[in-house]
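# Reading the structure
Residues per chain, in single letters:
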Amino acid sequence: MKLVTRAQLGWPASAAPTQTSTKGVKVHYEGTTVSVKLLDDHDLCIAEWKSIRKSHLANEEENYSDIAYNYGACPHGYLLEGRGLGKRTGANGNQPLNRGHYAIVGLVGNKGLTEPTDAMLGAIRDGIELLRRHGAGDEIKGHRDGLATACPGNHLYAWVKKGAPRPGGSTTVPGPRPVIDVSKVVAAASHDPAKSGTPVSYTGVKTVEKALVAEGLLESKFADGHFGTTTVKAYAAWQRRCGFSGDDANGIPGQTSLEKLGREHGFDVKP
Ligand SMILES: [Zn+2]
Ligand SMILES: [Zn+2]
């Protein structure tokens, strides 16, 4: 993921209202002419993103406190931070719609640059996955879903209707997806901590640990296939991230949290 943060843009923290969970993400386009020159000059993407914020701040009718989108995606595959994580969008048309979904805009319009590049689609996908890790539900919709608007244009909307797949070749080559048996992971998490050394009781534990590493919850040196105390602590942090608390966040995996981890990190869980 190629993220351009607000700090890098020289913007202060967003004053937009808090919104820690939604049903999912809505995809937008600019709905105006976007210059094809953007394709050759990423500096123009940054300038475009800053001018969108400026115009939103000047919108007295909406009384915007910030750029309306959570993220933007440029033709070069950069994910541009807008309101960012944990903030309600102002882009979906009205307050109930803004509460319902976060918003990501592709820097394409209805004239000039109208077709998203594969890199842009990849960046929108990056944004969707990032928001999902921080409270967004699984829905992926277009601005026009539930509102009379042409947004996000026919190209982006067709992609949304396909489930917003990551374009081929932009990241990992899909291999066979591992299938994890939750009962074996639970057994490992229950019995491994008491065992000295790092014996591996179930090879699927390593897949789970790699996902926890990718989430930033576990140091990679502990991804050794042994579900020890450090992995239990890391898994408890994942459960809290999924919204569990108390005994439901004790570090012993459950079906729901494990399936969510698998959706984000390329494995399936045996039903
Ligand atoms: Zn829109
Ligand atoms: Zn760019």
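For the structure, see preceding data.
Conventions used here
- Residues numbered from 1 in each chain as written.
- Chains lettered and ligands numbered in written order.
- Predicted model: local features only at pLDDT ≥ 70, side-chain atom pairs only at ≥ 80, totals over all residues.
- Heavy atoms only, no water.
- Core = buried A, V, L, I, M, F, W, Y, C linked by side-chain atoms within 4.5 Å.
- Buried < 20%, exposed > 50% of the residue type's maximum accessible area, 1.4 Å probe, protein only.
- Helix = DSSP H or I, 4+ residues; strand = E, 2+ residues; numbered from the N terminus.
- Contact = heavy atoms within 4.5 Å.
- Salt bridge = Lys/Arg side-chain N within 4 Å of Asp/Glu carboxyl O.

Membership of the largest hydrophobic core comes to 43 residues, with the highest contact counts inside it found for W49, Y69, L107, I124 and L156. For this core, the secondary-structure elements that each account for two or more residues are β2 (22-28), α2 (42-57), β4 (71-73), β5 (78-81), β6 (101-106), α4 (118-132), β8 (136-142) and α5 (153-161). No other element matches α4, which puts 7 residues into this core. Sequence-distant contacts of W49, that is, excluding residues within four places in its chain, are made with L9, W11, I67, Y69, Y71, G72, L80, E81, G82, V105 and L107. Counting residues in hydrophobic clusters, the runner-up holds 20 residues, among them I180, V185, A188 and A234.

Time to look at the pattern of salt bridges. As a working rule, side chains carrying opposite charge can pair if their charged atoms are close by. Going through the model one piece at a time under the given rule, you end up with 12 salt bridges. A salt bridge links D126 to R166; the shortest N-O distance between them is 2.8 Å. Of this pair, D126 sits in helix α4 while R166 sits in the loop between α5 and β9 (179-180), and the two are 40 residues apart along the sequence. On the basis of relative accessible area, R166 is assigned to the partly exposed category, the value being 26%. Salt-bridge contacts for K221 lead to E219; the nearest nitrogen and oxygen are separated by 4.0 Å. Looking at K221, the relative accessible area reads 60%, which means it is exposed. One connected set of salt bridges, linked through shared partners, spans R125, D126, E129 and R166.

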